[in-house]
Amino acid sequence: MGMSQPIRVTVWNEFRHEQSDAHIRAVYPEGIHRAIAEYLEDQPGFSVQTATLDEPEHGLTEDVLAETDVLIWWGHQAHAAVEDEIVDRVHARVLDGMGLICLHSSHFSKIFKKLMGTTCNLKWRELGENERLWVVEPGHPIAAGVGQYIDIPHEEMYGEFFDIPEPDTLVFISWFPGGEVFRSGCCYHRGRGKVFYFRPGHESFPTFYQAEVRHVIANAARWAATTDGPEIVYGNVQPLEEVTVSA
Ligand code: ZN
């Protein structure tokens, strides 16, 4: 996809906690989805829309998904409220080439677990300690323009063991002052689609306003965007060459 065609991003958010809790609302008055979208809207090469859980079909209609190159997903307390039919629809679009970026507590979303096939469980602690994400794949496009590490002043801790399949590429490893480490930037290919899991983004901290975090999300959206690679063909096919089989 050339620069002339914008990458069509849909930022999806559960958007419940910001409405039910004044402390969360104070951090993200318009919701986490808007904090992410407002940054991407200002970057060249993106066309951005948002969708939330309580919209009809969770805002993820067939039409919306057909016109989405990258879906960004944030959820934490209402994973179970996401309809299986919509999860299946998103899953099919990923296999068909749509990129998916799962943020923070979306490790437990139905769509991420379905794509991983594991429990996606982990350790956690909410003290607001700092998080240091080390770049461990410096040549990767998601690390472009990032220093050796990103320091986030206050975050929730996630620790290993993180029950995920081994990533195709691991871009970040996080360190926390309590001693834990975590695979915090994980790339996967599923069918024609690309999936990136990025760990930061607890709802009570202003992580999605931090420049380096926003920069990584934009890099990841460019990396994960739908490409015009070959259509996948399955099933019984005729040989391309004349095949002679001896009796
Ligand atoms: Zn959290």
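Everything below is about the structure printed above this text.
Throughout this description, residue numbers start from 1 for each chain and increase along the sequence as written. The predicted origin of the model limits local features to residues at a pLDDT of at least 70 and limits the giving and counting of side-chain atom pairs to 80 or more, whereas totals for whole chains, interfaces and linings rest on all residues. Excluding hydrogens and water, the side-chain values take into account all heavy atoms of the structure.

**Student:** Looking at this structure, how should I read the side chain of Thr 226?
**Tutor:** Runs of H or I in DSSP of at least four residues are treated as helices and runs of E of at least two as strands, each being numbered from the N terminus. Position of Thr 226 relative to the elements: it lies in the segment after helix 7 (211-224). Whenever two N or O atoms come within 3.5 Å, that pair is a polar contact, provided that in protein one can donate a hydrogen and the other can accept it, and provided that, for residues adjacent in sequence, both atoms are side-chain atoms. A polar side-chain atom of Thr 226 sits 3.3 Å from the main-chain carbonyl oxygen of Gly 97.

**Student:** When you look at the coordination of the zinc ion in this model, what are you seeing that I'm missing?
**Tutor:** Ideal geometry at a metal centre: 109.5 degrees between donors when four sit tetrahedrally, and 90 or 180 degrees when six sit octahedrally. Any N, O or S atom lying within 2.8 Å of the metal counts as a donor, and for Na, K and Ca the limit rises to 3.2 Å; water is left out, so some sites can look incomplete. In the first shell of the zinc ion, the protein supplies His 104 (NE2), Glu 156 (OE) and His 202 (ND1), at 1.9 to 2.1 Å from the metal. When the donors of the zinc ion are listed by position in the chain, the intervening gaps give H-x51-E-x45-H. Of this pair, His 104 sits in the loop between strand 4 (99-103) and helix 6 (110-116) while His 202 sits in the loop between strand 11 (193-198) and helix 7; the two residues are 98 residues apart in sequence, bridging distant segments of the chain. His 202 shares its class with His 104; the two are buried. Working definition: with a 1.4 Å probe on protein chains only, accessible area under 20% of the residue-type maximum means buried, over 50% means exposed, and in between means partly exposed.

**Student:** I tried to follow the packing of helix 3 (residues 32-41) against helix 7 on my own but got confused; where do I start?
**Tutor:** Helix packing geometry: the angle between the two helix axes and the distance between the axes. At a minimum axis separation of 10 Å, helix 3 and helix 7 run at an interaxial angle of 70°. The angle between helix 3 and helix 7 falls in the class roughly perpendicular. Each of Ala 35, Ile 36, Glu 38, Tyr 39 and Leu 40 in helix 3 lies in contact with helix 7, whose residues at this interface are Arg 214, His 215, Ile 217 and Ala 218. Looking at side-chain class alone, the contact of helix 3 with helix 7 contains 6 nonpolar, 1 polar and 2 charged residues. To get an axis, a line is fitted to the C-alpha atoms, and for a helix only the part in contact is used. The angle between two axes follows their N-to-C directions and goes from 0 to 180 degrees. Roughly parallel covers angles under 35 degrees, roughly antiparallel covers those over 145, roughly perpendicular covers 65 to 115, and oblique covers all other angles. Note on definitions: a residue-residue contact is assigned when non-hydrogen atoms from the two residues lie within 4.5 Å. We call Asp, Glu, Lys and Arg charged. Ala, Val, Leu, Ile, Met, Phe, Trp, Tyr, Cys and Pro are nonpolar, and the rest, Gly among them, are polar.

**Student:** Please clarify how the pattern of salt bridges should be interpreted in this entry.
**Tutor:** Definition used for salt bridges: Asp or Glu carboxyl oxygen within 4 Å of a side-chain nitrogen of Lys or Arg. Summed over all chains, the structure comprises 16 salt bridges. Two residues, Asp 69 and Arg 8, come together in a salt bridge whose shortest N-O distance is 3.0 Å. Placement of the pair is Asp 69 in the loop between helix 4 (62-66) and strand 3 (70-74) and Arg 8 in strand 1 (residues 7-13), with a sequence separation of 61 residues. According to the relative accessible area criterion, Asp 69 is buried, its value standing at 2%. Under the relative-accessibility criterion, Arg 8 is labelled partly exposed at 33%. In this structure, Lys 110 engages Asp 84 in a salt bridge whose closest nitrogen and oxygen atoms are separated by 2.8 Å. Of the two residues, Lys 110 is situated in helix 6 and Asp 84 in helix 5 (residues 84-95); the sequence distance between them amounts to 26 residues. Using a relative accessible area of 47% as the deciding quantity, one classes Asp 84 as partly exposed. Counted as one network, the salt bridges with shared partners bring together Glu 57, Glu 62, Glu 85 and Arg 89.

**Student:** Where do I start with the pairing of strand 10 (residues 181-190) in this structure?
**Tutor:** Residues in a regular strand point their side chains to alternate faces of the sheet. Burial within strand 10 is extensive, with 8 of its 10 residues counted as buried. Note: strand 9 (residues 169-175) against strand 10, 6 bridges, orientation antiparallel. Within the sheet, the bridge partner assigned to Leu 170 lies in strand 10 and is Cys 186. Linking strand 9 back to strand 10 in an antiparallel pair, the connection comprises 5 residues, with Gly 179 at a positive phi of about 110°. The hairpin formed by strand 10 and strand 11 contains 2 residues between the paired strands, and Gly 191 there has a positive phi angle of roughly 60°. Pairing between strands requires that DSSP locate at least two bridges from one strand to the other.

**Student:** Just to check I follow, could you spell out the environment of Glu 57 for this structure?
**Tutor:** Looking at the element boundaries, Glu 57 is found in the loop between strand 2 (46-52) and helix 4. Taking the C-alpha atoms as reference points, Glu 57 and Ile 164, 107 residues apart in sequence, are found 28 Å from one another. When neighbours within four sequence positions are excluded, Glu 57 is seen to be in contact with Ile 86 and Arg 89. Here the side chain of Glu 57 touches Arg 89 through a polar contact of 2.7 Å, side chain to side chain.

**Student:** Just to check I follow, could you spell out the sheet that holds strand 1 for this structure?
**Tutor:** Where strands meet in a sheet, backbone hydrogen bonds hold them as pairs that are either parallel or antiparallel. In spatial order, the strands read 2-1-3-4-11-10-9-6-7; together these 9 strands make up an open sheet with mixed pairing. Each edge of the open sheet is held by one strand with a lone partner, namely strand 2 and strand 7 (149-152). Neighbour to neighbour, the strand axes of the sheet diverge by 15° on average, direction disregarded. With 7 bridges connecting them, strand 1 and strand 2 associate as parallel partners. In the strand pairing of strand 2, Asn 13 is matched with Thr 52. In the packing of helix 3 onto the sheet, the strands contacted are strand 1, strand 2, strand 3 and strand 4, and the crossing angle to strand 2 comes to about 175°. Along the sheet, helix 7 contacts strand 1, strand 2, strand 3, strand 4, strand 7, strand 9, strand 10 and strand 11; its crossing angle with strand 11, the most-contacted strand, is approximately 165°.

**Student:** How should I be thinking about unusual backbone geometry in this particular structure?
**Tutor:** Comment: phi is negative for the bulk of residues other than glycine, and the bulk of peptide bonds are trans. Look at the link from Glu 160 to Phe 161: it is a cis peptide, with omega at 20°. Assignment of secondary structure puts Phe 161 in the loop between strand 8 (157-159) and strand 9. You will see that Phe 15, though not glycine, has its phi angle at about 55°, which is positive. The phi dihedral of His 104 falls on the positive side, at around 50°, and the residue is not glycine.

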